[in-house]
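Now for the letters of each chain:
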Amino acid sequence: MKLTAEEQQMLDGAQGRATQKAMEILVALGTIYAAERMVPVTSVQIAGVSYDNLGEAGLHWLSEMADGGGKTRVFTTLNPAGMDIENWQALGISEDFARNQMRVIDAFAQMNVVTTCSCTPYLIGNTPHYGQHIAWSESSAVCYANSVLGARSNREGGPSALAVALTGVTPEYGLHLEANRRPGVTLHVAAKLPDNNDFGALGVVIGQKLEQFKEKPIAYITGVDQASVEQLKSFCASVATYGGAALFHLRGITPEADHYAAPDESLAITQADLDEAQQSLSSAESDEADFVSLGCPHLTLNEIARIAELLAGKRVTKEFWITTARPIKQMADRMGYTRLIEAAGAKFAADTCCVVAPIKGRFKALITDSAKACYYASGKNKFKTIILPFDEVVLAALA
Amino acid sequence: MKLEGRKIYQGTAKGEALVTSMGISFFGGVDPDSGIVVEKGHQLEGQAIGGKVLVFPTGKGSTVGSYTLYRLKMNGVAPAAIVNAQCETITAVGCIIAEIPCVDHIPIEQLKTGAVLQIDGERGSVEITAS
């Protein structure tokens, strides 16, 4: 790999121990994937923030990087933490966990990482534009940035994203190169997609189809006329979770789709496929559900407004978490949505979500509109699940 | 016999080889406290990787696996070195943060469990000193 004089300096340790370690990671990745050089990035997003996932070892490494003088050279934000940083008591988080979670946040802050903890950085000002090189690690956000925004990111792990943040560069391989963004299979959708959960089911179906290829192709999707930001966010989360997809092209909607003709190899997706996927995500009877959560990925302000409208003057009967980014929560406060939602007994869980909070085994069954949330609820947290359209999830919390 | 491969992470180590032809997922597949492989049905299930030169084709699974290698190191049960046919992100990052010598592009089918291997991470070489 060809390094600039400054990159070589970083590797030699002239810019501190943390920067050196970061450059060692990037040079090794560049070597493995045959990158010819480093490219500067404009944005980083780091996963591996919840103490529940990091553990003491992960925290120890982050502290070593912070104490080793690591400082970000580019705008960097964080993935959700294991708790609402300002209001963790209300969510039943233990004091022990809260203390350790704050040690993680403090280590990142020491490195000048902006400690906005969200899986939707693109909604809150970490918003790259078309063609920019970035290094993100939240899988749903990587998929959104590549596909919907047209920025260029590989699917980073927590340490490699931090390494990019501390050096400002990433090896040029994978999805940073135009040649690797070319679609390999057409997926024609002949089904109705009215709600978030339908796009989630579509992500399950397409994800599973992609998994069947020996070399996973990039999907070129046709037959979807329109999709809201919320629906695209649901789809990205699902297709990344169930198919490991970091990029798709959606004809008529995503910016790079027009660069390519539909690939010859073509698969059809029917209403029956989607119905089957929806059924596969619902394992509980409705009377078993004791937990309701919306906001996987984090809610938009528009979605929160809708929840407030549906909950106004009513009372929830189940634990109901509204998960979103802190800046969105602050706008909800200003607009009066928070007051209506909390008066109904639902809880805001900003900075966190039902995937990364330490809630394993705490509930019997989750109701959600998110296919991704279903995956982690059943696998990681041992809950049964029910997937419903957005409005019906809110109504189920009242039932 | 000496095999020449590629440097992934520097450092030298000598140890007994533990060889598998299956990929390894460190997160979920190896117990971070004991260093014992726990993945059901894995060739190495039940075996301890601590202090061994761990030889496997490539890594797989969650990127959190990098932190698992670091945790193994902190717990004193990390492999002495790692030899891969083709290294990938999880193993490479894990070896760098845990400072475990790592070499790839080695014809691993020529290596047998129990052989004593001398690894030179900087040169990317694997020497069989006793078999």
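First, a word on scope: everything that follows refers to the structure included in this document. The model shown is predicted, which means the values in this text are computed figures rather than measured ones. (Residues numbered from 1 in each chain as written. Chains lettered and ligands numbered in written order. Predicted model: local features only at pLDDT ≥ 70, side-chain atom pairs only at ≥ 80, totals over all residues. Heavy atoms only, no water.)

## Some thoughts on the pairing of strand E14 (residues 365-368) of chain A
Residue and element names in this part refer to chain A.
Then step 1. Burial along E14 is two-sided: the face carrying Ala365 and Ile367 and the face carrying Leu366 and Thr368 are both buried.
Then step 2. Across 2 bridges, strand E11 (residues 291-294) lies against E14 in parallel orientation. Pairing of valine 292 across the sheet is with isoleucine 367, part of E14.
Then step 3. Sheet topology places E14 next to strand E15 (residues 384-387); 4 bridges connect them, and they run parallel. Across the sheet, the residue bridging to alanine 365 is lysine 384, located in E15.
Then step 4. In the classification by handedness, the crossover that spans E14, the intervening helix H13 (residues 371-379) and the parallel E15 is right-handed. (Buried < 20%, exposed > 50% of the residue type's maximum accessible area, 1.4 Å probe, protein only. Helix = DSSP H or I, 4+ residues; strand = E, 2+ residues; numbered from the N terminus. Pairing = 2+ DSSP bridges. Right-handed = clockwise from strand over helix to strand, strands pointing away.)

## Let's talk about the nonpolar core
Then step 1. If you look at the biggest cluster of nonpolar residues, it comprises 91 residues, and the most contacted ones within it are Val44, Trp61, Leu62 and Phe108 of chain A together with Phe26, Leu54 and Ile82 of chain B.
Then step 2. No other element matches helix H2 (residues 17-32) of chain A, which puts 9 residues into this core.
Then step 3. Counting the residues that make up this core, at least three belong to each of domain 1 (5-178) and domain 3 (286-396) of chain A.
Then step 4. In terms of nonpolar packing, the next biggest core, distinct from the first, is built from 46 residues, Val148, Leu250, Ala371 and Cys374 of chain A among them. (Core = buried A, V, L, I, M, F, W, Y, C linked by side-chain atoms within 4.5 Å. Domains from an automatic or database assignment.)

## Points about the interface of chain A and chain B
Then step 1. Every contact between the two is made by 20 residues of chain A and, on the other side, 20 residues of chain B.
Then step 2. Here chain A and chain B share an interface that buries about 1700 Å² over both sides, 68% of which is from carbon and sulfur atoms.
Then step 3. Here chain A and chain B share 1 salt bridge between them.
Then step 4. Put simply, chain A and chain B have 6 residue pairs in polar contact (both at pLDDT 80 or more) between them.
Then step 5. Mapped onto the side of chain A that touches chain B, the elements with two or more residues apiece are H2, helix H3 (51-67) and helix H6 (158-167) of chain A.
Then step 6. In terms of residues, the side of chain A that touches chain B owes the most to one element, H3 of chain A, which gives 8 residues. (Contact = heavy atoms within 4.5 Å. Buried area = accessible area lost by both parts, 1.4 Å probe. Salt bridge = Lys/Arg side-chain N within 4 Å of Asp/Glu carboxyl O. Polar contact = N/O pair within 3.5 Å; in protein donor to acceptor, adjacent residues only side chain to side chain.)

## Some points on the pairing of strand E8 (residues 219-222) of chain A
Residues and elements named next belong to chain A.
Then step 1. Side-chain alternation along E8 places Ala219 and Ile221 on one buried face and Tyr220 and Thr222 on a second face that is also buried.
Then step 2. The pairing of strand E7 (residues 185-190) with E8 spans 4 bridges and is classified as parallel. Each residue of the ladder has a partner; that of histidine 188, found in E8, is threonine 222.
Then step 3. As a crossover connection, the stretch from E7 through helix H7 (residues 196-211) into E8 is right-handed.
Then step 4. Crossover connection from E8 via helix H8 (residues 229-243) to parallel strand E9 (residues 248-250): handedness right-handed.

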